[in-house]
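Structural features, examined
In case you want the letters, here they are:
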Amino acid sequence: MDATRLIGATRTALAQARAVQDIVGEAWQTQALAGAIGSHLAVHGPFEARAAAGGLSEAGARASGALRQTLRAGAIRAAHLSEVRDPWVALAGLCGLLGEVGIALVGVACSSDEDALYWQCMEAIDAADETSDRVRWLQRRLALREREGGAA
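Attention here is on the structure that accompanies the text.

We now examine the overall build of the protein. When its secondary structure is counted, the protein shows six helices and zero strands. The linear arrangement of helices and strands in the protein, starting from the amino end, is α-α-α-α-α-α. For the protein, the C-alpha radius of gyration of 15 Å lies close to 15 Å, the compact-globule estimate for 152 residues. Here the protein holds 152 residues, and 48% of them are scored as buried. Once local pairs closer than 6 in sequence are excluded, the contacts in the protein between residues at least 24 apart make up 79%. For the protein, the exposed area adds up to about 7700 Å²; of that, 53% sits on carbon and sulfur atoms. Distance between charge centroids for the protein: 7 Å, based on 15 positive and 18 negative side chains.

So this is what it looks like as structure tokens:
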């Protein structure tokens, strides 16, 4: 499945999530998706952007480690990623989704009376922020490549 479709599915699931654990689960789904997109671009993307894509893959993988504790193994949406047709569109969508995840997690953290949940949200917010930084770095690498005359 194309990255853009998976981003859309994750965005929809996040918007429909009402329970705290569902929102946190979608945050980790987003991180797993970021890792999968990074991995795909590290192998199949433009040469000049592969190192930055590898960084995105590592950030998403590190952050999504908690995903395996939250979800059943078969429920990880990112496992269905088969292509990234348009890296620009996918990265812009992923960056937007990470922002939405951060906002949702702030809401959960602010309304939580549980210390453990609060800190889980803080960890997930930090992870989304780091991953967003990696996405923007990858976008800069792709823009530089375009300016230098390479095809994306």
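Our focus in this paragraph is the nonpolar core. By size, the foremost hydrophobic cluster in this structure holds 43 residues, and its most contacted members are Ile 37, Leu 91, Leu 94, Leu 105 and Leu 138. Those elements that place two or more of their residues in this core are helix H1 (3–16), helix H2 (20–44), helix H3 (50–63), helix H5 (87–111) and helix H6 (115–147).

Another aspect to go through is the environment of Gln 139. The residue Gln 139 is located in helix H6 in this model. Along the backbone, Gln 139 and Ala 104 are 35 residues apart, and their C-alpha atoms lie at a distance of 24 Å. When near neighbours in sequence (up to four residues on either side) are disregarded, Gln 139 contacts Trp 88, Leu 91 and Ala 92.

All right, on to the pattern of salt bridges then. All chains considered together, the criterion is met by six salt bridges. The partner of Glu 48 in a salt bridge is Arg 145, and the shortest N-O contact between them spans 2.6 Å. Residue Glu 48 is found in the loop between H2 and H3, and its partner Arg 145 is found in helix H6; the two are separated by 97 residues along the sequence. The class for Arg 145 is buried, based on a relative accessible area of 16%. Across the pair Arg 134 and Glu 130 runs a salt bridge, and its minimum N-O distance is 3.6 Å. With a gap of four residues between them, Arg 134 and Glu 130 both fall in helix H6, about one helical turn apart. Owing to a relative accessible area of 30%, Glu 130 belongs among the partly exposed residues under this scheme.

Over its 25 residues, H5 extends 36 Å from the first C-alpha to the last, a length consistent with the 36 Å expected when each residue adds 1.5 Å. Of the residues flanking the start of H5, the one acting as N-cap is Asp 86, its side-chain oxygen 3.1 Å from the backbone nitrogen of Trp 88.

Here H3 crosses H6 at 165 degrees, and the two axes come no closer than 9 Å. When the interaxial angle is binned, H3 and H6 end up roughly antiparallel. The chirality of how H3 crosses H6 is left-handed. Along the contact surface, H3 presents Ala 52, Ala 53, Gly 55, Leu 56, Ala 59, Gly 60, Arg 62 and Ala 63, while H6 presents Ala 127, Glu 130, Thr 131, Arg 134, Val 135, Trp 137, Leu 138 and Arg 141. Residue classes in the contact of H3 with H6 are distributed as nine nonpolar, three polar and four charged.

Parameters and conventions
- Numbers given to residues run from 1 along each chain, matching the order in which its sequence is written.
- In keeping with the predicted nature of the model, local features appear solely for residues at pLDDT of at least 70, side-chain atom pairs appear and are counted solely at 80 or more, and the whole-chain, interface and lining totals rest on all residues.
- Note that the side-chain values use all heavy atoms of the structure and ignore hydrogens as well as water.
- Helix numbers and strand numbers start at the N terminus; a helix is a DSSP run of H or I with at least 4 residues, a strand a run of E with at least 2.
- Here the globule rule is a power law, 2.2 Å times the number of residues to the power 0.38, and the radius of gyration is based on C-alpha atoms.
- When accessible area is computed with a 1.4 Å probe and restricted to protein chains, residues below 20% of their type maximum are described as buried, those above 50% as exposed, and intermediate ones as partly exposed.
- In this description, contact between two residues means that some pair of their heavy atoms is separated by no more than 4.5 Å.
- Surface accessibility follows the Shrake-Rupley procedure with a 1.4 Å probe radius. Residue values consider only the protein chains on display as shielding.
- Only four residue types enter the tally: Lys and Arg on the positive side, Asp and Glu on the negative side, with His and both chain ends excluded.
- Charged groups are reduced to one reference atom each: NZ for lysine, CZ for arginine, CG for aspartic acid, CD for glutamic acid.
- Definition of nonpolar core: a set of buried residues of the types Ala, Val, Leu, Ile, Met, Phe, Trp, Tyr and Cys, connected through side-chain atoms within 4.5 Å.
- One side-chain nitrogen of Lys or Arg within 4 Å of one carboxyl oxygen of Asp or Glu is enough to make a salt bridge.
- Multiply 1.5 Å by the residue count of a helix minus one, and that product is the helix's expected span.
- Here a polar contact is recorded for every N or O atom pair within 3.5 Å, except that within protein the pair must consist of a potential hydrogen donor and a potential acceptor, and residues adjacent in sequence are included only if both atoms are side-chain atoms.
- Axis lines are fitted through C-alpha atoms, for helices just across the contact stretch, and the angle between N-to-C directions can take any value from 0 to 180 degrees.
- For classification purposes, an angle smaller than 35 degrees is called roughly parallel, one larger than 145 roughly antiparallel, one from 65 to 115 roughly perpendicular, and anything else oblique.
- Handedness of a crossing follows from how the near helix is turned relative to the far one, being left-handed for an anticlockwise turn of less than a right angle and right-handed for a clockwise one.
- Just so you know the grouping, Ala, Val, Leu, Ile, Met, Phe, Trp, Tyr, Cys and Pro go in nonpolar, Asp, Glu, Lys and Arg go in charged, and all remaining residues, Gly too, go in polar.

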